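Secondary and tertiary structure notes
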Amino acid sequence: MERVTFGILGSLAAERGGLALQLGPPGQRAFLALLLVHLNRVVPRERLVDELWPDEPPATAVKALQVFASRLRKELGDEAGILVTRGQGYVLELEPDRLDAARFGGLLSAGRAALDDGRYAEAAARLAEALSLWRGPALADFGDRRFGQEEAARLEELRLLALEARIEAELDLGRHSEAVAELEALVREHPLREHLYVVLMRALYRCGRQADALEWYRDARRVLRDEVGIEPGPELQSLHRAVLNQEPSLEPPPPVRSVPSNLPEPPSRLIGRSAELESLRALLGREDVRLVTLSGPGGTGKTRLALEVARVMLDRHADGVFFVDLAPVVEAEGAVSSLVGTLEVEPRAGDPFEAVCAHLEGRRVLLLLDNLEQLSEAPRIVARLLSRTRAVRVLATSRAPLRISGEHEFPLEPLALPDAGASAGTAASSEAVALFVERARAVVPAFRLDEANAATIVEICRRLDGLPLALELAAARLRLLPPAALLRRLDRSLALLAPGARDLPERQQTLRATIDWSYALLDPAEQALFRRLGVFAGGWTLEAADAICATDGEDVLPLLGSLVDKSLIRQRASELGEPRFTMLETLREYARERLQAAGEAPSLDREHARYFSRMLGEFASRLDGPAHVEGVRALRADFENARASVIWALESGDAELALSLANGMAGFAVVGVYVPEARAWLATALEQSEGSLTLRSLALFAIGWLAYTAGELGEAMRAAEESVALARAAHDAAAATRGLNLLSNVHVGAGELDRAQAACEEALEIARMLGDEKWVALAATNSGNIALNRGDLGLAEKLFAEFLAAARRRQDRRSVAGGLTNLALLHATAGLTREAEAENHEALTLFREVDSSPGSVYGLEITAALASTRDAELAAQLLGAAGAACGRIRFRLEPFEQRLHDRTVADLRARLGDKRFTTLFAQGQQLGLEQAVDTALAYLAAHGADPAAAARPVGS
């Protein structure tokens, strides 16, 4: 698993594998920031409380710290162990290179050491790299906190020192003229910083501007006298005398021997990639590493990054750093000729390759071999070159690794993306957004990222997969299209993103040309599989690829592996333990075009829909037993495939297949995934279908269930009654009992308890006839719900206990959690607080394990009711979190739960006052369901709920 890295040189940030982590509400973010400021040092609990609540700490401050730590550990996942509780405090134990401020400090020290040693080019490169880590003012989101102000001031001082040292290194490299304008701006910004005057006066003197240097001294003296009442210090006075006397010591040092190089000057600065740049620099700096291959799909910016790496490695290769463009070369002879020409090898009789090796022998040279993917002989040539020379290093770019001994592959991913809907401040720290905005300003100078356009720009970057080439091409379109119009046209991104800059190689002038280049390098079997894989949406498994895309019994695994090697397919580990494959959306669009051009799309789309119709049925069957978690994960992993399948089935007029798929999609509501289109899909498929009565009954059941959970009782009643009628006409007892249970719930919601009881008893009778324990238990718990609503708590408890026992026997964790929730609700109503807390603790833990959002909402509501007398503020926040979750998943409380909710709200308003309750409720709405569940579990554990109960085997 990739390591988590943290950033404080700007707003607080943390990411894993290019994905930003959710760091929680402001208090929790401040907790983490404080630990990062004191990295690898214990921060006492008292200090944390004092810093986080400087005015008046709440009574629950220590508990809040525990909750903050618990939530952060959960977000850190496998790396939760880096956040350690030690004694009466906390410490974040982290390798320094995983914090940007620590990396900055290391690069600053290395740069200043190189400057002191006269290694000016290395010093300039290291210091520039250090400064590139800054994304804005340090700890920008904690400027109102004491620790944020103190640490930001310390880091800002170091940043200025790095700036001064970097400019001094550039002066010693003879870049006087270029430095003057930057120095003048810095002096105006920091007029009391004497050393800046020193550096500026040296630069001016070396430009032959002695009078200007003396004028700046007079300015410095005037400012220092007027502002702080002191004379210039010894260093500035000594320099003043030296300028007046034109002392030889002011002359620049003798020029450093120029390193031979043909590196092209890039047309624009590199945006982002600071972590990759440092990793590659460190890798190539190792004596045991002689070959690094920078791999990745077309458009990720491999060449641009490689050029930057080569530039910062100039000081390490005294005999030269050379760029060799092999894009036009397809044969070994052409590659050797390119090497001969680039290195200016003296011609001689015999083998030109031998002449190249002889020329390089004993020389410390770095060769940047660009675009090796189309050169079949590349592995042999590079291997021979390295075996015949001792000091040569090779940095290669290729869409596939070379697979030769000694190779260190460095896969380059697209730029890091912000979360959907990120604010302007958060989005600005994303590399993808930063690149888009920078390139947009090149064509629209007034363009700015702000809250009004942030969501649109984030979505553009996400739609383009963070591919640098795609982002640059899209940004160029802002000359004609505002961001919102550009986003609307990105459904056909390959057509939109053309043409690019004319000075780019032809294959990089449009996104389509870049992908064409990769596709043309595939053999026919690889091309066929690549275009067929375009049928998938959101990824696929090896099993799915075999079932849908294989022809004539071919084994797709070797071909998949080859496409992964060539950076056209990405392989990722999945929670289900088997590899999962994905394709960048831009590549998928291209593959779909190729699939349609080949005439294969209709048959592949049909096979894809049939496959996922079967899969949805299999996934759903896992939801009622010990494999529930695996079923939920499988459902979520293939959500986009299922969605694409039902849309295709409806558009192609296959009503029966569409009904089956739409039924499966409706099942996502069980785990709280709101599928807004599901009811419309079901209704359309029902209109088109004239087939199976059972299938139509199940579709109406799904419509009724979705309407019921959304609180639309009239629609739910109509659909449930029709579902039962069709099931009876089809003589399908299982479908009938399913519909009758839903009908019973709807009648309870409408307050019609007698009709609910009648439907429930009929469902129970059918279930017993079928011998289906699951449906018997469900009818029993529905009877318990009716008893609860009638006020017969004794009967309700008996029926709920029977349901729970049956669920434990089946090892059905979701049903176990539901049974515990029913008992917790009953016991909370009866005043049996300890029993309710223990049951609710276990239920909430299980609901989280099985990923059930509706169940978690119930658990939060019950916790709020239990906490209302002990911790009214926490209770109000939990209600807010539950309410926000209900809105997201289109879920409503059952009548009894709603009455409990209303009583809790009334009690809290009386305790807190309307204004305070409203404020806390709004704070809870920002928590997020996962954080709210963590908070509830911490509260329940702190008040006597036995955490061991949650770990008890489900079948016990």
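Scroll up a little and you will see the structure.
Residues numbered from 1 in each chain as written. Predicted model: local features only at pLDDT ≥ 70, side-chain atom pairs only at ≥ 80, totals over all residues. Heavy atoms only, no water.

1. A look at a nonpolar patch on the surface
There is a patch of nonpolar side chains on the surface, built from Leu192, Val228 and Ile230 and spanning about 250 Å² of accessible area. Tracing the backbone through its elements, the reader meets Val228 in helix α9 (residues 210–228). The exposure class of Val228 is partly exposed, given its relative accessible area of 44%. (Patch = residues over 30% accessible without salt bridge, like charges linked within 9 Å, V, L, I, M, F, W, Y side chains within 5 Å. Areas by Shrake-Rupley, 256 points an atom, 1.4 Å probe, with all protein chains shown as cover. Salt bridge = Lys/Arg side-chain N within 4 Å of Asp/Glu carboxyl O. Helix = DSSP H or I, 4+ residues; strand = E, 2+ residues; numbered from the N terminus. Buried < 20%, exposed > 50% of the residue type's maximum accessible area, 1.4 Å probe, protein only.)

2. Some words on the sheet that holds strand β5 (residues 83–86)
Taking strand neighbours across the sheet as the criterion, the three strands line up as β4-β6-β5 in an open arrangement whose pairing is antiparallel. Each having just a single partner strand, β4 (43–44) and β5 make up the two edges of the open sheet. Pairing of β4 with strand β6 (residues 89–92), which is carried by two bridges, proceeds in the antiparallel orientation. Residue pairing for β6: Val43 is matched across the bridge by Tyr90. Across the face of the sheet, helix α1 (residues 26–37) comes into contact with β4, β5 and β6 while running at roughly 70° to β6. In this fold helix α3 (residues 61–76) packs onto β5 and β6, with an angle of close to 145° to the strand it touches most, β5. (Pairing = 2+ DSSP bridges. Contact = heavy atoms within 4.5 Å. Axes fitted to C-alpha atoms, helices over the stretch in contact; angles between N-to-C directions.)

3. Some words on the sheet that holds strand β10 (residues 393–398)
Strands belonging to one sheet form pairs held by backbone hydrogen bonds; the direction of such a pair is parallel or antiparallel. If you trace the five strands from one edge of the open sheet to the other, you get β8-β9-β10-β7-β11, paired in parallel fashion. Both edges of this open sheet fall to β8 (321–325) and β11 (407–411), since each of them pairs with a single strand only. Along the sheet, successive strands turn relative to each other by an average axial angle of 20°, direction set aside. Contacts between helix α15 (residues 378–388) and the sheet are confined to β7 (291–295), β9 (366–370) and β10, with β10 contributing the most and set at about 170° to the helix.

4. Remarks on the pattern of salt bridges
Scanning the model with the defined rule gives 64 salt bridges in all. Across the salt bridge formed by Asp50 and Arg146, the nearest N and O atoms sit 3.0 Å from each other. Taken together, the residues Asp50 in helix α2 (residues 45–52) and Arg146 in helix α6 (residues 146–172) connect sequence positions 96 residues apart. One salt bridge connects Glu168 with Arg202, and the closest N-O pair in it is separated by 4.0 Å. In this pair, Glu168 sits in helix α6 while Arg202 sits in helix α8 (residues 194–206), placing the two residues 34 residues apart along the sequence. With relative accessibility at 28%, the residue Arg202 sits in the partly exposed group.

5. Overview of the packing of aromatic side chains
This structure, assessed with the given rule, holds 16 aromatic pairs. Consider the rings of Phe31 and Tyr90, whose centres lie 5.4 Å apart with planes at 85°: the pair is edge-to-face. Of this pair, Phe31 sits in helix α1 while Tyr90 sits in strand β6, and the two are 59 residues apart along the sequence. Residue Phe31 is classed as buried on the basis of its relative accessible area, which comes to 0%. Ring plane angle 70° and centroid distance 5.7 Å describe the contact between Tyr519 and Tyr590, whose orientation is recorded as edge-to-face. On the criterion of sequence distance, the pair formed by Tyr519 in helix α22 (residues 511–520) and Tyr590 in helix α26 (residues 585–597) is long-range, its members being 71 residues apart. For Tyr519, a relative accessible area of 6% puts it in the buried group. (Phe/Tyr/Trp six-rings, centres within 6.5 Å; stacked < 30°, edge-to-face > 60°.)

Coordinates in, geometry out; function isn't part of it.
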